[in-house]
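Structural description and commentary
Residue-level listing of the chains:
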Amino acid sequence: MSGTGSVCEVRGLDAGYGDFHALFGVDLAVAERELLCLVGANGAGKSTLLRAVAGALRPFAGTIHLDGVDITALPDFERARRGLTLVPEGRKLFPSLTVEENLLVGSGSRRSGPWDLDAVYELLPLVAERRARGSARLSGGEQQAVAIGRALMSNPRVLLLDEVSLGLAPVVVERLYESLPGIRAAGTTVVLVEQDLGRTLDVADRVVCLLEGRVVLTGRPADLSREAITDAYFGHTNPQPSQAGPS
Amino acid sequence: MTLVNAIVQGVLAGGVFAVAAVGLSLLFGVMRVVNLAHGDLMILAGYLAVLTLQLTGLSTWASLLVVVPVMALVGYVVQRVLLERALKLGELAPLLVTFGLSVIIPNVLLELFSRDAQPLPIGSLATEGVGLTDGVSVGVFPVLTLVIAVVVLVGMQLFLGRTRTGRFMRAAADDSATLRLMGVDSRRIYALAAAIAFATLALAGVLYGMRSGGVSPFDGQLLVLFAFETVIIGGLGSLWGTLVGGVVLGVAQAVGGQISPELPLLVGHLVFLAILVVRPNGLLGQRVAL
């Protein structure tokens, strides 16, 4: 049970692909309405962690709880119906559907809440302009915006955003990040995977750093020095695991 | 005038080919299953109609009200019980499952009904026709099949384009793993697609039986070939392409028949091969998705 007010909790998670072991005993608790940023170098296991939480990947060991309920055995679509929605790496739009049809498919979980077509269009004007266009004919930034809008259509309790800014121009990333306050205002908890440390520290309530499949640092941006994070990020020194060390 | 007549009859024959091809196209488009048992399932539906006639005394047309829903249910179950497991094993496994079905079905029918054709009578409709000009007359039944084909295609287009489940099917054709992340059970969408595919092939099977007066156990082996040729000629994944493909195949066979009674099949195959060489994506096909 989660008596700590965490909406999503991961305990002792071991996961990977086939013989490749990507996560080792990861513990993570996300509080209601929190914006948590997962940082770490390429291959640190950030995407694997999100995929395991969303159910796109079966973990080797460990448990995942949503609102205190063990959902480890539930399939991915059932987790989406309970409010865990992943924006996958690479956006993964449905290329033969229009933008609006992509959004409509996003409401497949049949969850009710503040998000519908109108609300998504208001939050993401970029998407509204392209609503009738085939989603294969969009720029990378437009695709990412549609992917976020599509996930919001599910009215998630926890939104898992994987590599939002990957391969996008800074000005486009800026516009995407401008939608974050609107998403949070709806009461949605957000877990964000981001490569850009500076941006992370600006928006996050809390930062968790992964290194080679293990949590090596966690804390509020205000409590973490830039050095402590970069050290944890690259594994230069050996910071105390799971604790924010005052520097 | 005989050539014009042959072309008109060929166009009308395209209706049954088109209805037969829709289900094949849907199964491949949504879940990449190549259904080698397509023709045998059509004939199975024909035999179900025969059975319905014998047991209830319904007319052949009325038997569709029984056969189509029953075959839709069969499709749902075949997907959930056989193909779903096979799909997890790789691309070859579903092919082997449908190949197995294509061997089992005609042999079971042979055992139960003998090799003799079983009649699917449509009464005077079989011979009724309207003379358009001197030497060209169209049969009422062939015209009906073409109308049915258009209705089926319009219905499919509206279903795939306008309904929630239809959108899920197109999304599943693109990327079923991502569809699941949206809270949609892709296995259920697959099974519904199979149900629709089996319903349309059942309709096509009974129409074929009506046109040729009856069904016999091994008719399916040619029908599956026609269905594949129709899909490829029209363009894989293109709904209206199946009608175009059906018409082209029908005309090719009819014109071939004018030259010599032994030629219809050969000319049909040659036209199919020629289109495969010149336009590998088919006449209306642009992409391999619905």
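Here the structure is a predicted model, which means the values were calculated and not measured.

Calculation notes
Residues numbered from 1 in each chain as written. Chains lettered and ligands numbered in written order. Predicted model: local features only at pLDDT ≥ 70, side-chain atom pairs only at ≥ 80, totals over all residues. Helix = DSSP H or I, 4+ residues; strand = E, 2+ residues; numbered from the N terminus. Buried ≥ 20, exposed ≤ 12 C-beta atoms within 10 Å, placed from the backbone. Contact = placed C-beta atoms within 7 Å. Rg over C-alpha atoms; globule rule 2.2 N^0.38 Å. pLDDT = per-residue confidence, 0-100. Expected span 1.5 Å × (residues − 1). Pairing = 2+ DSSP bridges. Nonpolar A, V, L, I, M, F, W, Y, C, P; charged D, E, K, R; others polar. Core = buried A, V, L, I, M, F, W, Y, C linked by C-beta atoms within 7 Å. Axes fitted to C-alpha atoms, helices over the stretch in contact; angles between N-to-C directions. Bend = angle between axes of the 7 residues up to and from the residue. Parallel < 35°, antiparallel > 145°, perpendicular 65-115°, else oblique. Left-handed = near helix turned anticlockwise from the far one by under 90°.

1. Section: the overall build of chain A
When helices and strands are counted, chain A shows 10 helices and 10 strands. Oriented by its inertia axes, the alpha-carbon framework of chain A measures out at about 50 × 40 × 35 Å. The buried share of chain A, taken over its 247 residues, is 48%. Contacts in chain A between residues far apart in sequence, at least 24 positions, make up 68% of those at least 6 positions apart.

2. Details of the overall build of chain B
Broken down by element type, chain B carries 10 helices and 4 strands. Over its C-alpha trace chain B gives a radius of gyration of 19 Å, about what one expects of a compact globule, namely 19 Å for 290 residues. Taken along the three principal axes of its C-alpha coordinates, chain B extends 60 × 50 × 30 Å. Buried positions account for 53% of the 290 residues belonging to chain B. Contacts in chain B between residues at least 24 apart in sequence constitute 76% of all its contacts with a sequence separation of at least 6.

3. Topic: the confidence of the model for chain A
This prediction gives chain A a mean pLDDT of 89; 94% of its residues lie at or above 70. Across residues 243-247 of chain A the pLDDT falls below 50, and counting only partners more than four positions away or on other chains, this stretch makes 11 contacts in the model.

4. Quick word on helix H6 (residues 140-152) of chain A
Residue and element names in this part refer to chain A. A rise of 1.5 Å per residue sets the reference length of H6, with its 13 residues, at 18 Å; its end C-alpha atoms lie 18 Å apart and thus fit the reference within 8%. Most of H6 is tucked away, with 11 of its 13 residues classed as buried. Restricting attention to buried positions, one finds in H6 the residues Glu-142, Gln-143, Gln-144, Ala-145, Val-146, Ala-147, Ile-148, Gly-149, Arg-150, Ala-151 and Leu-152.

5. Quick notes on the sheet that holds strand E1 (residues 6-17) of chain A
All names here are of chain A. Reading across the sheet, the 4 strands line up as E2-E1-E4-E5 and stay open at both edges, with antiparallel pairing between neighbours. Every interior strand has two partners, whereas the edge strands, strand E2 (20-31) and strand E5 (69-70), have only one. As defined by bridge partners, E1 adjoins E2 across 8 bridges and the pair is classed as antiparallel. Paired with Gly-16 across the bridge in E2 is His-21.

6. Notes on the interface of chain A and chain B
Taken together, the contact pairs 21 residues of chain A with 17 residues of chain B. Secondary structure elements with two or more residues in the side of chain A that touches chain B: helix H2 (76-81) and helix H3 (99-106) of chain A. When grouped by side-chain class, the residues that make up the side of chain A that touches chain B number 11 nonpolar, 5 polar and 5 charged.

7. Quick look at the environment of Val-143 of chain B
All names here are of chain B. Here Val-143 shows up in helix H5 (residues 140-162). Judged by the 15 C-beta atoms lying within 10 Å of it, Val-143 falls in the partly exposed class. On a C-alpha basis, the gap between Val-143 and Gly-129 in space is 9.4 Å, while along the polypeptide they are 14 residues apart. Those residues in contact with Val-143, other than ones at most four positions away along the chain, are Leu-12 and Val-138.

8. What about the nonpolar core?
In this structure, Leu-160 of chain A together with Ala-20, Ala-45 and Ala-193 of chain B are the most contacted members of the largest nonpolar core, which totals 169 residues. The dominant element in this core, judged by the number of residues it contributes, is helix H7 (residues 186-211) of chain B, at 19 residues. What Ala-45 of chain B contacts, discounting residues up to four positions off in sequence, is Val-67, Met-71, Leu-201, Ala-202, Gly-205 and Val-206 of chain B.

9. Some words on unusual backbone geometry
Residues and elements named next belong to chain A. The residue Arg-91 is not glycine, and still its phi comes out positive at about 70 degrees. When you line up the elements, Arg-91 lands in the loop between strand E6 (84-87) and H3. You will see that Glu-163, though not glycine, has its phi angle at about 50 degrees, which is positive. Tracing the backbone shows Glu-163 in the loop between strand E7 (158-161) and helix H7 (170-177).

10. Points about the sheet that holds strand E9 (residues 206-211) of chain A
Residue and element names in this part refer to chain A. Here we have 6 strands laid out as an open sheet, ordered E6-E7-E8-E3-E9-E10, and mixed in their pairing. With one partner strand each, in any of the chains shown, E6 and strand E10 (214-219) form the two edges of the open sheet. When strand polarity is set aside, the average angle formed by the axes of neighbouring strands in this sheet is 20 degrees.

11. Quick look at the environment of Ala-193 of chain B
All names here are of chain B. Within the secondary structure layout, Ala-193 lies in helix H7. Along the primary structure Ala-193 and Val-33 are separated by 160 residues, whereas in three dimensions their C-alpha atoms are 11 Å apart. Beyond its immediate sequence surroundings of up to four residues, Ala-193 is in contact with Leu-26, Leu-27, Val-30, Met-31 and Met-169.

12. Structural notes on the pairing of E10 of chain A
Residues and elements named next belong to chain A. Counted residue by residue, E10 has 5 buried out of 6 residues, so it is predominantly covered. One ladder, built from 5 bridges, connects E9 with E10; its direction is antiparallel. Opposite Val-208, over in E10, you have Thr-218 as the bridge partner. Counting the residues in the hairpin turn of E9 and E10 gives 2 residues, including Glu-212, whose phi is positive at 45 degrees.

13. Considerations on helix H6 (residues 164-181) of chain B
Residues and elements named next belong to chain B. Over its 18 residues, H6 extends only 16 Å from the first C-alpha to the last, a length that falls short of the 26 Å expected when each residue adds 1.5 Å. Its maximal kink placed at Asp-175, H6 deviates by approximately 125 degrees. Summarising burial for H6: 13 of the 18 residues are buried, a large majority. Positive phi appears at Gly-183, one or two residues downstream of H6, with a value of about 90 degrees.

14. Examining the packing of H6 of chain B against H7 of chain B
Packed helix pairs are specified by the crossing angle of their axes together with the interaxial distance, meaning the distance between the axes. Residue and element names in this part refer to chain B. Running from N to C, H6 and H7 cross one another at 140 degrees; their axes reach a closest spacing of 9 Å. Taken together, the axis directions place H6 and H7 in an arrangement best described as oblique. Once H6 is placed against H7, the crossing between them reads as left-handed. Contacts from Thr-165, Phe-168, Met-169, Ala-172, Ser-176, Leu-179 and Arg-180 of H6 reach H7 at Ser-186, Ile-189, Tyr-190, Leu-192 and Ala-193. In terms of residue class, the contact of H6 with H7 is built from 8 nonpolar, 3 polar and 1 charged.

15. Digging into the packing of helix H8 (residues 220-234) of chain B against helix H9 (residues 239-259) of chain B
Residue and element names in this part refer to chain B. Interaxial distance between H8 and H9 falls to 7 Å at its minimum, and their mutual angle equals 115 degrees. Crossing of H8 over H9 shows right-handed handedness. Note on element contacts: H9 touches H8 through Gly-241, Thr-242, Val-244, Gly-245, Gly-246, Val-248 and Leu-249, opposite Phe-226, Glu-229, Thr-230, Val-231, Ile-233 and Gly-234. Grouping the amino acids of the contact of H8 with H9 by side-chain chemistry returns 6 nonpolar, 6 polar and 1 charged.

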